[in-house]
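# Residue-level structure breakdown
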Amino acid sequence: MGRGGAALAHSGIARAMTGRFTFVHAAIALLIALFLLVFLAIPVFTVIYVAFTNADGSLTLSHFQSFFHLTLMRESFYNSLVVGGMSVAVSSVFALPLAYFISRFQFRGAILIQTLGVLPLIMPPFVGATAMQLLFGRSGSLNLILGDWFGINLPIMEGLNAVIWVEALHYFPFILLNLTVALNNIDRAMEESAQNLGASGFRLFRRIVFPLAMPGYMAGAALVFLKVFDDVATPLVLNVTNILAAQAYLRITSIGIDDPIGYVASVIMVAASVFALWGSTLVMRGKEYATLQRGGSTLATQRLKPWQAAIAYGWIVFVLLLVLSPHIGLLLLSFSRIWSFTVIPEAYTLQNYVTVFRESSFMLWNSALYCGIAAGLDVLIGTAIAYLMLRTRLPGRQTLDFIATSAVAIPGVVLGIGFLRTFRDFSVPLADVPLVSFWLIIAFAYTVRRLPYALRSCVASLQQVHVSMEEAAQTLGAGGRRTVTRIVVPLMAGGILAGFVTSFLTAAVELSATIMLVSATSDAPVSYGIYLYMQSIAGRGPGAALGVIAVTLVALGTYVSYRVLHSRNLRFEAHQAMK
Amino acid sequence: MRLMFRCLMAAILALCGFAAQAQQQVVIVTSFPKELTEAYKKAFESRNPGFRVEILNKPTPAGVAYIREAPAANKPDVFWVSAPDAFEVLSAEKLLAKIESPAKEVPAKIGNYPINDPKGFYLGQALAGYGIMWNTRYLAANKLPEPREWADLTKPVYFSHVSMSSPSRSGTTHLTVETILQGEGWEKGWQQMLMIAANCAAITERSFGVPDGVNNGQYGIGLVIDFFGLAAMASGFPTKFVYPSVTAIVPANIGMVAGAKNAENARRFINFTLSPEGQELLFDPKISRLPVLPSVYKKAPAGFPNPFTGKIKPKVNFDSELSESRYYVVSSLFDHTITFRHKELAAAARAIYQAEARLAAKPNARAKELLTEARALAFTPVVGEQKSKDKDFLALFRETKRSAQKTKQLTGLEEYWSSTARKNYARAVELANQAASLAR
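So, how was this worked out
- Residues numbered from 1 in each chain as written.
- Chains lettered and ligands numbered in written order.
- Predicted model: local features only at pLDDT ≥ 70, side-chain atom pairs only at ≥ 80, totals over all residues.
- Helix = DSSP H or I, 4+ residues; strand = E, 2+ residues; numbered from the N terminus.
- Rg over C-alpha atoms; globule rule 2.2 N^0.38 Å.
- Buried ≥ 20, exposed ≤ 12 C-beta atoms within 10 Å, placed from the backbone.
- Contact = placed C-beta atoms within 7 Å.
- Domains from an automatic or database assignment.
- pLDDT = per-residue confidence, 0-100.
- Core = buried A, V, L, I, M, F, W, Y, C linked by C-beta atoms within 7 Å.
- Axes fitted to C-alpha atoms, helices over the stretch in contact; angles between N-to-C directions.
- Parallel < 35°, antiparallel > 145°, perpendicular 65-115°, else oblique.
- Left-handed = near helix turned anticlockwise from the far one by under 90°.
- Nonpolar A, V, L, I, M, F, W, Y, C, P; charged D, E, K, R; others polar.
- Pairing = 2+ DSSP bridges.
- Expected span 1.5 Å × (residues − 1).

## Some details on the overall build of chain B
Helices and strands together make up the secondary structure of chain B, namely 18 helices and 13 strands. For chain B, the C-alpha radius of gyration of 24 Å lies close to 22 Å, the compact-globule estimate for 440 residues. Along the longest, intermediate and shortest principal axes, the C-alpha atoms of chain B span 80 × 55 × 55 Å. Each of the 440 residues in chain B was classed as buried or not, and the buried ones make up 54%. A separation of at least 24 residues holds for 79% of the contacts in chain B among residues at least 6 apart in sequence.

Here you go:
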């Protein structure tokens, strides 16, 4: 898109906008490709080629045959699909009403809900599962009360259901975040037209609003599915092993790093995840989602009638209580000295926080640094790929998207081992430190692992920006770079921020690759610190305290970032109104 | 953006400069909890000014992988975990350096188990026995008697109140399982193991999951290594711990990595852990491990078990070679017939116990026969004792290089174990239900 774009006849611009690419585009694409090659493709390849090779190095598919011969593996594969699908369903039940309330009604504390809704993401799933055991487990607070009063025991935290329950509560913010952004971006004129034509209530939502927000919903749903499909820690903390990710992990870590079946399981997970993504794009193929006008400024959000407000607030309070239950459990644990077979802890102390501040406050900085670098790189790369994909015809742009997205399906252990193998023979320039022992490697591992989240958010938000905005800018004489920085990126800001936040939060709780890559305690991030504490009998309290501090800090950060974005939107609107 | 990049570069350079400064340090890969490692780090550093102890905490299998994959120029110095098998793996791959014990006073053997590696690649640093811990409140609330022996845990009253880990996930559980197998013999040992496992509420993924679950009351009873049980009591949890008569005492080990970057410092640290001062640290209530130096027990807190006086009477003379030779068979068999089939196994036990309860009220000869058959199906290992000694069979599991042919053989076996176990458990449920309906 050079300056020549402006000179083109108006009718030709649309095709020109999506039909061209320049040297700059190609250079950016190459840079990204190089990054992905070095930090994703090569490390993963060094590991998974085991799945395809015989002992003498020749290629074979025999391991795949052996794999499918195992009933256990077929069963695990099926269970993984069930858990993934059900988690998406349950997450949607939590997220859909919340997103709709926030974006369509005048609502006190909408920002609060959004911030609280993000909270589950910052808690490492294994910690969340531990805390939920304390509340909902077989001897958890709830069941102790029920047992006392009614003599019953609800098996909430048993088997696959427990996994679905914990995962849905943990990952529904993916849907909430993406869907809220999508709903805010819908042209209100569409809704107004529908209302003028007599549609209202649920019909309006089902026929107009939800279909228009589909890109956001699908982006969120696909992420939930992939994430749940790939999650090792949660099923394992709940002692569920008949799941594909758990089987891959168990085989690689217990039978041995050279056991091909574990790698076959990894390859199949990659394949299934890619298939799920492909399926989600298939649903949206051939549909137009971009609307001309951006929401927010045209139509004021509706006022709730009293009975509606009652329902809305009731649901919100219910969901928030559920969502916050692991945090409540963790908070109690962090102040407890002894908590055993009682509804709430019996002895309280502040000692856990003292211990954490004395021993481990540096881990908070490490996490902030690594995750900041990772999330920053992620939205940078994500925005670039989204732009190349949707606005240029650069050859190979789909491949970039595909490779970047496939990272979501690479188990952390596999990536960790791949990093160790790939970088062990290189050292950091100017210093006698091997690359694998260098902290930046951890940040890069996070970048690669969380890139898919940022990418999905960026793609979804760019899909909703109509290309005519850029055409207008170009017609008015803006160059390619100016159009991107002044028009495209500001219009995508909500999605980019959502991407940054999700990448940051999920990187902060990453554990499986972290365990492989941390080579000095002084380089350790918070997730590793919590894991360390939680491994010892006297240490669960400090572990919980560290978790509470991390959750609080990130909640504050998220809240501030939303405030910033919100006030910017307000200024933008005020500016327009004055014209 | 440019600013961000500059900051990043500055940070990188600063860090490189920092890292380039030479410092006397010793890098330790360990799976031990923070209480233990922190205590040693603090004591060693105050004793040796100018030295820095860097602790890398990793689960044992990840620790082994880390040492194997670490670049030659930057190998960690010390490996320090419980499971002797992990040391065997490393020494077989020539990843450990020979080391001389500084503590001549340490006896050669505890029971039949050599405390230091006879080949000289690793040293016993503490001793550990295996036992049963329970939550007193849980037992009281569920009106359960306190267990004393492994065999107690096979009783129907404990159904779904017990918990244990899997030998493939935890070196300590592997030793517990192997102790029972050696103490009771292969067939009887597996029978007992299957019955205990059937009574489990969960087979936990981490060995720490067991004491953790017992502490917070999620499970009533757990099979644990002694320091988990002792440390929980010392921390004030309402729990108790006993050594059953079929127990073995085995060392937790420490060794020096071959090609360690700071070999001299590694030696200094290992010597410290075996000095009287280093050994006494083990008495800390939050650590609660048994020292290998007999003389330091003089300073032990009241009630602390001393394995050298014969107060704990281990019946089992643990044979580490036997354990090592069938390591993968035991782990894999356990996983495929117990861990991954736990739901089916527990269902079989439940059906059998229910039928037995009915039968007790209304005896019936035919039903009794059916139940005997059901018990045999549910609680017999799918690999017989004869097969477990077969050299070719064991060799199949020992080789680490996996060809397509071998993978096929192995997965074939796993499939056979898994499907046979499942069939047996399902059939046991059927038989038990028949028996129950006869007793109606």
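## Comments concerning the overall build of chain A
When you go through chain A residue by residue, the secondary structure sums to 24 helices and two strands. Counting the 579 residues in chain A, one finds 54% classified as buried. Put simply, of all contacts in chain A between residues at least 6 apart along the chain, 79% involve residues at least 24 apart.

## Some details on the domain arrangement of chain B
One widely used convention gives an interface's size as the accessible area the parts lose upon coming together. Parsing chain B into structural domains produces domain 1 (22–126 + 252–299) and domain 2 (326–440). Computed from C-alpha coordinates alone, the two centres of domain 1 of chain B and domain 2 of chain B are separated by 40 Å.

## Here's the deal with the environment of Ala233(A)
Residue and element names in this part refer to chain A. When you line up the elements, Ala233 lands in helix 12 (residues 233–237). Sequence-wise, Ala233 and Ser336 are 103 residues apart; in three dimensions their C-alpha atoms are separated by 25 Å. In this view, Ala233 contacts Pro125, Phe126, Leu511 and Ser512; residues no more than four positions away in its chain are not counted.

## Looking at the confidence of the model for chain B
Residues and elements named next belong to chain B. Predicted confidence across chain B gives a mean pLDDT of 87, with 93% of residues reaching 70 or more. Confidence drops under a pLDDT of 50 for residues 13–22, and excluding neighbours within four residues, the segment shows eight contacts in the predicted structure. Interface confidence in the predicted complex, given as ipTM, is 0.78; pTM for the same model is 0.81.

## Examining the interface of chain B and chain A
Tallying the contact residues gives 61 residues for chain B and 57 residues for chain A. Examining the composition of the side of chain B that touches chain A, we find that nine residues originate from one element, helix 18 (residues 404–438) of chain B, more than from any other.

## Topic: the nonpolar core
Membership of the largest hydrophobic core comes to 311 residues, with the highest contact counts inside it found for Val78(B), Ala378(B), Ala428(B) and Ala432(B). For this core, the element with the highest residue contribution is helix 8 (residues 159–185) of chain A, accounting for 17 residues. Taken domain by domain, this core gets at least three of its residues from each of domain 1 (22–126 + 252–299) and domain 2 (326–440) of chain B. In this structure Val78(B) touches Val26(B), Ile28(B), Ile254(B), Met256(B), Val257(B), Ala266(B), Phe269(B) and Ile270(B), once residues within four positions along its chain are discounted.

## Considering the packing of helix 14 (residues 342–361) of chain B against helix 18 of chain B
Residue and element names in this part refer to chain B. Contact pair helix 14 / helix 18: the axes reach a minimum separation of 8 Å and the direction vectors enclose 20°. With respect to helix 18, the element helix 14 is oriented roughly parallel. Judged by the sense of rotation from one axis to the other, the crossing of helix 14 with helix 18 is left-handed. Where helix 14 approaches helix 18, its residues Glu344, Leu345, Ala347, Ala348, Ala351, Ile352, Gln354, Ala355, Arg358 and Leu359 are matched on the opposing element by Arg422, Tyr425, Ala426, Ala428, Val429, Ala432, Asn433, Ala435 and Ala436. For the contact of helix 14 with helix 18, a count of residues per class yields 14 nonpolar, two polar and three charged.

## Thoughts on the pairing of strand 3 (residues 78–81) of chain B
All names here are of chain B. Where burial is concerned, the two faces of strand 3 agree: the one with Val78 and Trp80 and the one with Phe79 and Val81 are both buried. Two strands pair when backbone bridges link them, and strand 1 (residues 24–30) and strand 3 are joined in this way by three bridges, in the parallel orientation. From the neighbouring strand, Thr30 faces strand 3, where its bridge partner is Trp80. As paired elements, strand 3 and strand 12 (residues 249–257) share four bridges and run antiparallel to each other. Among the inter-strand pairings, Val78 is bridged to a residue of strand 12, identified as Met256.

## Describing the pairing of strand 7 (residues 123–135) of chain B
Residue and element names in this part refer to chain B. Most of strand 7 sits out of view: 13 of its 13 residues are buried. For strand 7 and strand 12, the ladder comprises six bridges, and the chain directions are antiparallel. Looking at the pairing, Ala128 lines up with Val250 of strand 12. Bridge count for strand 7 against strand 13 (residues 290–291) is two bridges, and the pairing is antiparallel. Within strand 13, the residue paired with Leu127 across the bridge is Leu290. Note that strand 7 and strand 10 (residues 221–225) share five bridges and pair antiparallel. Note on strand 10: the bridge partner recorded for Ile132 is Leu223. Pairing of strand 7 with strand 11 (residues 239–242) involves four bridges; the strand directions are antiparallel.

## Here's the deal with unusual backbone geometry
The phi angle at Asn239(A) is positive, at roughly 60°, despite the residue not being glycine. By the secondary structure assignment, Asn239(A) is in the loop between helix 12 and helix 13 (244–255). Taking the C-beta count within 10 Å as the criterion, Asn239(A) has 26 such neighbours and is therefore assigned buried. Not every positive phi belongs to a glycine, and Ser288(B) is a case in point at roughly 50°. For Ser288(B), the position within the fold is in the loop between helix 11 (276–280) and strand 13.

## Some points on helix 9 (residues 226–234) of chain B
All names here are of chain B. Of all nine residues that make up helix 9, seven are buried, and the element is covered over most of its length. Here helix 9 has its buried residues at Asp226, Phe227, Phe228, Gly229, Leu230, Ala231 and Ala232. In this fold, the buried residues of helix 9 make contact with strand 7, helix 8 (209–215), strand 10 and strand 11.

## Side note on the environment of Pro326(A)
Residues and elements named next belong to chain A. One can find Pro326 in helix 15 (residues 306–335). Assessed through the 28 C-beta atoms surrounding it within 10 Å, Pro326 is described here as buried. Once the C-alpha coordinates of Pro326 and Val166 are considered, the two residues, 160 residues apart in sequence, prove to be 9.4 Å apart. Dropping the residues within four chain positions of it, Pro326 is found in contact with Met123, Gly128, Ala131 and Met132.

## Observations regarding helix 10 (residues 263–274) of chain B
Compared with an ideal rise of 1.5 Å per residue, which puts twelve residues at 16 Å, helix 10 of chain B spans 17 Å between its outermost C-alpha atoms and is within 8% of the ideal. Within the sequence span of helix 10 of chain B, burial applies to Asn265(B), Ala266(B), Phe269(B), Ile270(B), Phe272(B), Thr273(B) and Leu274(B).

## Description of the environment of Ile48(A)
Residues and elements named next belong to chain A. Along the chain, Ile48 falls in helix 2 (residues 23–48). Overall, the presence of 19 C-beta atoms within 10 Å leaves Ile48 in the partly exposed class. Separated by 417 residues in the primary sequence, Ile48 and Val465 have C-alpha atoms spaced 39 Å apart. Those residues in contact with Ile48, other than ones at most four positions away along the chain, are Tyr263, Ser266, Val267 and Val414.

## What to know about the confidence of the model for chain A
All names here are of chain A. Here chain A averages 81 in pLDDT, and 87% of its residues register 70 or above. The element-level mean pLDDT for chain A is lowest in helix 1 (residues 10–19), coming to 44, with helix 16 (residues 351–391) highest at 91. Contacts for the low-pLDDT stretch residues 1–18, under 50 throughout, to residues beyond four places or in other chains number 28 contacts. Segment residues 295–300: pLDDT under 50, and 15 contacts once partners within four positions in sequence are set aside and those in other chains are kept.

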